[in-house]
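The lines below spell out each chain.
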Protein chains: 2
Amino acid sequence: MVSSANLHYYANSLFKYLSLNLFMISMLELRHLHMLKALVESGNLSRAAQRLHLTQSAISHQVKQIEDHYGVLVFERKTQPLRLTATGQRLHVLAETVLAQVAEAERDIARIVEGQAGRLRVAVECHTCFEWLMPAMDIFREHWSEIELDLVSGFHADPLALLREDRADLVVVSEHRKHGANGVVYHPLFGFEIIGIVSRLHRLAQKEYLTPQDFTDETLVTYPVPEEMLDVIRIFLKPHGVEPKRRTAELTVAILQLVASRRGISAMPSWAVQGYLRTGYVQGLRLGKEGLFGELYAVTHGEAAKTAYMQDFLETVRAVSFNTLPGLIPLSPA
Amino acid sequence: MVSSANLHYYANSLFKYLSLNLFMISMLELRHLHMLKALVESGNLSRAAQRLHLTQSAISHQVKQIEDHYGVLVFERKTQPLRLTATGQRLHVLAETVLAQVAEAERDIARIVEGQAGRLRVAVECHTCFEWLMPAMDIFREHWSEIELDLVSGFHADPLALLREDRADLVVVSEHRKHGANGVVYHPLFGFEIIGIVSRLHRLAQKEYLTPQDFTDETLVTYPVPEEMLDVIRIFLKPHGVEPKRRTAELTVAILQLVASRRGISAMPSWAVQGYLRTGYVQGLRLGKEGLFGELYAVTHGEAAKTAYMQDFLETVRAVSFNTLPGLIPLSPA
DNA sequence: CGAAATTACGACTGGCGTAAGTATC
DNA sequence: GATACTTACGCCAGTCGTAATTTCG
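What this report covers is the structure whose coordinates are included nearby.

Definitions and cut-offs
- Within each chain, residues carry numbers counting from 1 in the order of the written sequence.
- Following the order in which they are written, the chains are lettered starting with A and the ligands numbered starting with 1.
- The predicted nature of this model means local features are confined to residues of pLDDT at least 70 and side-chain atom pairs, given and counted, to a pLDDT of 80 or more, with totals for whole chains, interfaces and linings taken over all residues.
- Values reported for side chains reflect all heavy atoms of the structure, with hydrogen atoms and water molecules removed beforehand.
- Secondary structure is summarised from DSSP: a helix means a run of H or I of at least four residues, a strand means a run of E of at least two, and numbering begins at the N terminus for each.
- Multiplying one less than the number of residues by 1.5 Å gives the expected span of a helix.
- Burial here depends on accessible area, computed with a 1.4 Å probe over protein chains only, as a share of the maximum for the residue type. Under 20% is buried, over 50% is exposed, and the range in between is partly exposed.
- In this description, one arc is meant: the one made by directions from the helix axis to the C-beta atoms.
- Contact criterion: two residues are considered in contact whenever any of their non-hydrogen atoms come within 4.5 Å of each other.
- The term polar contact refers here to a pair of N or O atoms within 3.5 Å; inside protein, the definition further demands a hydrogen-donor-capable atom paired with an acceptor-capable atom, and it admits residues adjacent in sequence only when both atoms are side-chain atoms.
- One side-chain nitrogen of Lys or Arg within 4 Å of one carboxyl oxygen of Asp or Glu is enough to make a salt bridge.
- As used here, the term nonpolar core means buried Ala, Val, Leu, Ile, Met, Phe, Trp, Tyr and Cys residues forming a set that is joined through side-chain atoms within 4.5 Å.
- Only a pair of cysteine sulfur atoms within 2.5 Å counts as a disulfide in this structure description.
- Between the N-to-C directions of two axes lies an angle of 0 to 180 degrees, each axis being a line fitted to C-alpha atoms and, for a helix, fitted only over the stretch in contact.
- If an angle is under 35 degrees, it is roughly parallel; if it is over 145, roughly antiparallel; if it lies from 65 to 115, roughly perpendicular; otherwise it is oblique.
- Side-chain classes are defined by residue name, with Ala, Val, Leu, Ile, Met, Phe, Trp, Tyr, Cys and Pro counting as nonpolar, Asp, Glu, Lys and Arg as charged, and the others, Gly among them, as polar.
- Think of a patch as exposed residues, more than 30% relative accessible area, with no salt bridge, where like charges cluster within 9 Å and nonpolar side chains (Val, Leu, Ile, Met, Phe, Trp, Tyr) cluster within 5 Å.
- Per-residue and other accessible areas were derived by the Shrake-Rupley procedure at a 1.4 Å probe size, with only the shown protein chains allowed to occlude residues.

What about helix H4 (residues 56-70) of chain A?
Line of reasoning, step 1. For H4(A), spanning 15 residues, the distance from its first C-alpha to its last is 22 Å, which sits close to the expected 21 Å at 1.5 Å a residue.
Line of reasoning, step 2. For H4(A), the full list of buried residues reads A:Ile59, A:Gln62, A:Val63, A:Ile66, A:Glu67 and A:Tyr70. All buried residues of H4(A) project into a common sector of 130° when viewed along the axis, lining one side. Across from the buried face of H4(A), at angles greater than 90 degrees, the exposed residues are A:His61 and A:Asp68.
Line of reasoning, step 3. At its buried positions, H4(A) is contacted by helix H2 (30-42), helix H3 (45-52), strand S1 (75-76) and helix H5 (86-114) of chain A together with helix H5 (86-114) of chain B.
Line of reasoning, step 4. Two residues or fewer past H4(A), A:Gly71 is found with a positive phi of approximately 75°.

Next up, the structure:
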């Protein structure tokens, strides 16, 4: 038994169904374009899913939907690496251009809504971070020329103090304390693995992974920062009572040189050293059986976090990072 | 009581909710852009809804969704005609460019899928139809330069015979017989009102609408086609036993001249005469209290209807017509 | 009052998740 | 067997429709 209202509903549904097919009001949505972009940039369904905070299954569904609609495959199966078909490539080109235009329009709208300019003073406590921060800031500056963009220089023991004292609008930190204090908000940027670095010729290079004890009689080469800020020490070594000698260097290459010449071993974000591992003088090793992982957060005032340019800055940092650094892990919000 | 599976589900939903807000994976979809385009082109929510085969309510919902998302109004309320806000205009520009690019990509994909060219021989039985057919064919030719596009000239008593005899691939007709015969398919183009045309000075010009009897002692001025093809006669006059004298002219202007000089009265598609009504010598009047309405269909072979270029041709015709002719009525498919 | 828009409410369904299956290296 | 993708199945959130209400000319 179907009510009259329901009858109308069914008629309408049927009609809509027909109209979508017969009248060709394309079923393609921006969702699909986002997916395709992520798919190409991350190389397979699972990683694309991670980036979009969806499951592999959802991506598969979306791909299938496009393929059914156009009647062609979007990417070739059973190939490594992933290869798009001609159709897939065309759609990917579309995604690139369209999504860029959408982003631009949304920035324009944000300007219309927020009216006037603002400023963004960025502080980082982490040496290697400049690798992604600089290109991200460059892109941001292009998009928001009217925002005064600054880098707070110098090293600071307590970077959050910079926020409190209104000497910075955004600071990048690696430790995640909870929200709340002074209306401060944490924005997850990305997660990454911290790997041990040893010379190819070092006896430890043969191991499957490094244990805290392996560090006992070694010299640990790091950036010149207090040991509380080094996750290897704070999380991996200290809890097991291991306190190796330390030696510091300012630059990543310098640290790697020291490791290569067997003056010590190190531990760094995997993305910071990926390029150097290829050359073969040093080797990366997992820290502990399960690995040691670090995370990066941007901290801002709650109010500042609401502006569109701040959100765009965060998005830009994530996009640049995921697109240029290998092995990053998306973090869930909050 | 919530199952474990459900718990996961809830967690995921929450997560998705958060991520959509915090990670700014824009909620804008092509749906909204289609809606905005239709909204601007048709001038108000109701007509936009008609075009998209949705209800006024759905359009209102969509607008509200955008407005909530960006925190600005998209169009100013309580103004006649409809006026977009700055945000609305920016989004409309976005819609224009993006949708054009999507359409182009879809044509490219169709070419990839279908591989090779085809041809499209168009036949029309209706004089006035050239008004929209020509611009539509021009646009189509730009998009599908490799398709051989032809116009089948001459008048034909039974236009469907052209299809059967393979002398045309698409014919435009005003009568809608059911599918089936010879695997032929009817594609609705648009509906329109047929209005009576009388001189401003004619006594009938005072009436609210014309009745069949009003035509009894008048001369009916029409295009030179058999009377079965004239809806005024077939549907409006003949059933009431009214058979006025007839006089014919080839061109719309010529017919209107005759009417203006009170040599007779006429009946034509409202869109064909809209421009001339403004000038004031002739007047349009509804035919019957409820009005007389005509419809136009394109007829093709079922097979040919499946090709993308054919579908695109139909879409182009509809788009051109709705964008240039006043007072058209969307028809439901099938 | 009619035409246009908003809104409360509810129906459906399509998009996505879980989990199990298939396939490839 | 690990990794990559597909698929069956089910849930619900979001989208749309109906209808009542408001608003304006």
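Describing the side chain of A:Ser199
All names here are of chain A.
Line of reasoning, step 1. Looking at the element boundaries, serine 199 is found in strand S6 (residues 184-199).
Line of reasoning, step 2. The class of serine 199 is buried, set by a relative accessible area of 1%.
Line of reasoning, step 3. Side-chain polar atoms of serine 199 contact the backbone nitrogen of leucine 201, separated by 3.0 Å.
Line of reasoning, step 4. What serine 199 contacts, discounting residues up to four positions off in sequence, is Ala205, Val259, Ala260, Arg262, Tyr281 and Val282.

Concerning the pattern of salt bridges
Line of reasoning, step 1. Taken as a whole, this structure holds 42 salt bridges over all chains when the rule is applied.
Line of reasoning, step 2. Note that A:Glu41 is salt-bridged to A:Lys37, the shortest N-O span being 3.6 Å. Here A:Glu41 pairs with A:Lys37, and both are found in helix H2, just 4 residues apart, close to one helical turn.
Line of reasoning, step 3. We classify A:Lys37 as partly exposed; its relative accessible area is 24%.
Line of reasoning, step 4. A salt bridge links A:Asp68 to A:Lys64, with the shortest nitrogen-to-oxygen separation between them at 3.2 Å. Of this pair, A:Asp68 and A:Lys64 both sit in helix H4, separated by 4 residues, roughly a single helical turn.
Line of reasoning, step 5. In this structure A:Asp68 comes out as exposed when scored by relative accessible area, which is 53%.
Line of reasoning, step 6. Using a relative accessible area of 47% as the deciding quantity, one classes A:Lys64 as partly exposed.
Line of reasoning, step 7. Among the charged side chains, a network of salt bridges with common partners joins A:Arg90, B:Asp108, B:Arg111 and B:Glu146.

A closer look at the nonpolar core
Line of reasoning, step 1. The biggest cluster of nonpolar side chains holds 54 residues, and the ones touching the most others in it are A:Leu91 and B:Leu91.
Line of reasoning, step 2. Taken together, the elements giving at least two residues each to this core come down to H2, H3, H4 and H5 of chain A together with helix H2 (30-42), helix H3 (45-52), helix H4 (56-70) and H5 of chain B.

Side note on the environment of B:Gln213
Residues and elements named next belong to chain B.
Line of reasoning, step 1. Looking at the secondary structure, you find glutamine 213 in the loop between strand S7 (209-210) and strand S8 (219-222).
Line of reasoning, step 2. Distance from glutamine 213 to arginine 51, taken between C-alpha atoms, is 36 Å for residues 162 residues apart in sequence.
Line of reasoning, step 3. When sequence neighbours within four positions are dropped, the list of residues in contact with glutamine 213 reads His240 and Val242.

Description of the state of the cysteines
Residues and elements named next belong to chain A.
Line of reasoning, step 1. One pass over the structure, following the stated rule, counts 2 disulfides over all chains.
Line of reasoning, step 2. Shown here is the disulfide that connects cysteine 126 with cysteine 129, its sulfur atoms set 2.1 Å apart. Disulfide cysteine 126 to cysteine 129: torsion about the S-S bond roughly 100°, handedness right-handed.
Line of reasoning, step 3. On the basis of relative accessible area, cysteine 129 is assigned to the buried category, the value being 0%.

Examining the packing of H3(B) against H4(B)
Residue and element names in this part refer to chain B.
Line of reasoning, step 1. In contact at an axis separation of 8 Å, H3 and H4 are set at 105° when each is read in the N-to-C sense. Judged by the angle between their axes, H3 and H4 are roughly perpendicular. The segment H3 lies against H4, with Leu45, Ser46, Ala48, Ala49 and Leu52 engaging Gln56, Ile59 and Ser60.
Line of reasoning, step 2. Looking at the contact of H3 with H4 residue by residue, the class counts come to 5 nonpolar, 3 polar and no charged.

Overview of a nonpolar patch on the surface
Residues and elements named next belong to chain A.
Line of reasoning, step 1. A cluster of nonpolar side chains, namely Phe130, Met134 and Leu151, defines an oily patch on the protein surface of about 220 Å² accessible area.
Line of reasoning, step 2. Here methionine 134 is to be found in helix H6 (residues 130-143).
Line of reasoning, step 3. Its relative accessible area of 34% is what places methionine 134 among the partly exposed residues.

So, the side chain of B:His92
Residue and element names in this part refer to chain B.
Line of reasoning, step 1. Inspection of the secondary structure puts histidine 92 in helix H5.
Line of reasoning, step 2. The exposure class of histidine 92 is buried, given its relative accessible area of 14%.
Line of reasoning, step 3. Beyond its immediate stretch of four places on either side in the chain, histidine 92 contacts Leu36, Lys37, Val40 and Leu84.

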